[in-house]
Amino acid sequence: MPKRALIVEGGGMRGAHSAGALSELSQHMASTDFDVVCGSSAGSCTAAYWVAEQPELFETIWGDYLHGRRFIQFRRLLLPGPVMNLDYLLDEIFIHEAPLNIKQIATSSIDFFITTTDCHTGKAVYFHNKKKIPILHALRAGAAMPVAYPVPVAIETGLYADGGIAEPIPYQPALDADCDELWFILTKPKGYRKPQTKQSSWPKWLFRRYPALAQAIIERPQRYNQQMEQIELWELSGRARVIRPSTSHTSRFTRKQDKIHAAIAQGRLDAAQIITRLT
């Protein structure tokens, strides 16, 4: 049997499409059909429920709990507090409303990697479920988007930020594990590339205490585009199976429930088309 990996991209509320895609995928494949699961930013949070074997909660979390001002509060741009309320997501939803089975993740046969960015080096750091890590703390750090949530997040002796900064599409652990078959859950349409911008001064000012993190933010578009080109080559060769939005319904900060539900439904449809094509 081929060694399979599942890689889930981040993207804030664009992850509603990923939730729908994984919900559909769960109707055809078991969580343990994948040897390695990697997630970045919001993708880590969704991937955690996949590893916990709780796919029935994908649509509940994204469709019922993350709309309106519960999760995203734009007024926080002017007032104290995070624009993206990860504390509500992790401390309320993941513990009380739709409890994440932490024990299942810790004891799973799946190698699960939560991607973060080291604030001192600007490099990706992967927290591995087999290393007895604090799962919820790692998810919080891995989804701590600069500006939208206070950075850095401390875990033991390290300081970390959103994993999508250093590793937008976190496939490196899958390559290190010699996975033959790569399944990607992406949040942008085929052919998308991030525009190359001139060197920005705001990361250097905002994260002046962490110059390597600021530089990683500046270099992120180039790194993302390089990764997308590699994924498309793997897709052509047959090594990668890619589920991506054929139509976009959400942005990173979408709050309207109808748009979130539309993205979930689109994710289901896009996943079903890929699965049908492969069977």
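First things first, this report covers the structure right here in the doc. (Residues numbered from 1 in each chain as written. Predicted model: local features only at pLDDT ≥ 70, side-chain atom pairs only at ≥ 80, totals over all residues. Heavy atoms only, no water.)

## Examining the nonpolar core
Within soluble globular proteins, side chains that are nonpolar tend to cluster in buried spots. Counting 75 residues, the largest nonpolar core has L6, F94 and L139 as its most contacted members. With seven residues, helix α2 (residues 42-51) is the single largest residue contributor to this core. Ignoring sequence-local partners within four residues, the contact set of L6 consists of L22, L25, F34, V36, V37, C38, W50, W183 and I185. (Core = buried A, V, L, I, M, F, W, Y, C linked by side-chain atoms within 4.5 Å. Buried < 20%, exposed > 50% of the residue type's maximum accessible area, 1.4 Å probe, protein only. Helix = DSSP H or I, 4+ residues; strand = E, 2+ residues; numbered from the N terminus. Contact = heavy atoms within 4.5 Å.)

## Observations concerning the layout of surface pockets
Taken as a whole, the largest pocket spans an internal volume of roughly 720 Å³. Lining the largest pocket are 31 residues; nearest its centre among them are K194, W202, I217, R220 and R252. Only α7 (163-166), α9 (202-206) and α10 (211-237) provide two or more residues apiece to the lining of the largest pocket. Here the lining of the largest pocket is built from residues that sort into 11 nonpolar, 11 polar and nine charged. Its volume calculated, the second largest pocket comes out at about 160 Å³. In terms of lining residues, the second largest pocket is bounded by T121, G122, K123, A124, A166, E167, A212, Q215, A216, E219 and R223. For the lining of the second largest pocket, the element with the most residues is α10, which contributes five residues. Of the residues assigned to the lining of the second largest pocket, the class counts are four nonpolar, three polar and four charged. (1 Å grid on protein atoms, 1.4 Å probe; cavity = no way out; pocket = protein on both sides within 12 Å on 5 of 7 lines; lining within 4 Å. Points joined across faces, edges and corners; volume = space filled by probe spheres on them. Nonpolar A, V, L, I, M, F, W, Y, C, P; charged D, E, K, R; others polar.)

## Points about the packing of aromatic side chains
On inspection of all chains with the given rule, the structure shows nine aromatic pairs. With 6.3 Å between their ring centres and 70 degrees between their planes, F74 and F253 make a pair best called edge-to-face. Pair noted here: F74 is in the loop between α3 (58-65) and α4 (86-97) and F253 is in the loop between β8 (240-243) and α11 (257-278), with a separation of 179 residues, a long-range link. A relative accessible area of 35% places F74 in the partly exposed class. Centroid distance Y192 to Y224: 6.0 Å. Interplanar angle 75 degrees. Geometry classified as edge-to-face. Taken together, the residues span a long stretch of sequence, with Y192 in the loop between β7 (181-185) and α9 and Y224 in helix α10 at a distance of 32 residues. Looking at Y192, the relative accessible area reads 25%, which means it is partly exposed. Residue classification places Y224 among the buried positions, given a relative accessible area of 1%. The structure contains a cluster of three or more aromatic residues connected by ring pairs, namely F34, W50 and W183. Of note, K194 hangs over the ring of Y224, and the distance from its end group to the ring centre comes to 4.9 Å. Between the NZ or CZ atom of R239 and the centre of the ring of W234, over which it lies, the distance is 5.4 Å. (Phe/Tyr/Trp six-rings, centres within 6.5 Å; stacked < 30°, edge-to-face > 60°. Lys NZ or Arg CZ within 6 Å of the ring centre and 35° of its normal.)

## Points about the pairing of β7
Counting buried positions along β7 gives five out of five residues, so the element sits mostly inside the fold. Side-chain alternation along β7 places E181, W183 and I185 on one buried face and L182 and F184 on a second face that is also buried. Note: strand β1 (residues 4-8) against β7, five bridges, orientation parallel. Following the sheet pairing, V8 is matched in β7 by I185. Across four bridges, the pairing between β7 and β8 is parallel. Bridged to F184 within β8 is V242. (Pairing = 2+ DSSP bridges.)

## Focus: empty space enclosed by the protein
Summed over all chains, the structure comprises two cavities of 30 Å³ or more. As a volume, the largest cavity reaches approximately 170 Å³. Looking at the largest cavity, it is lined by 17 residues, and the ones nearest its centre are A42, C45, W62, L66 and L89. The set of elements that each furnish at least two residues to the lining of the largest cavity consists of α2, α3 and α4.

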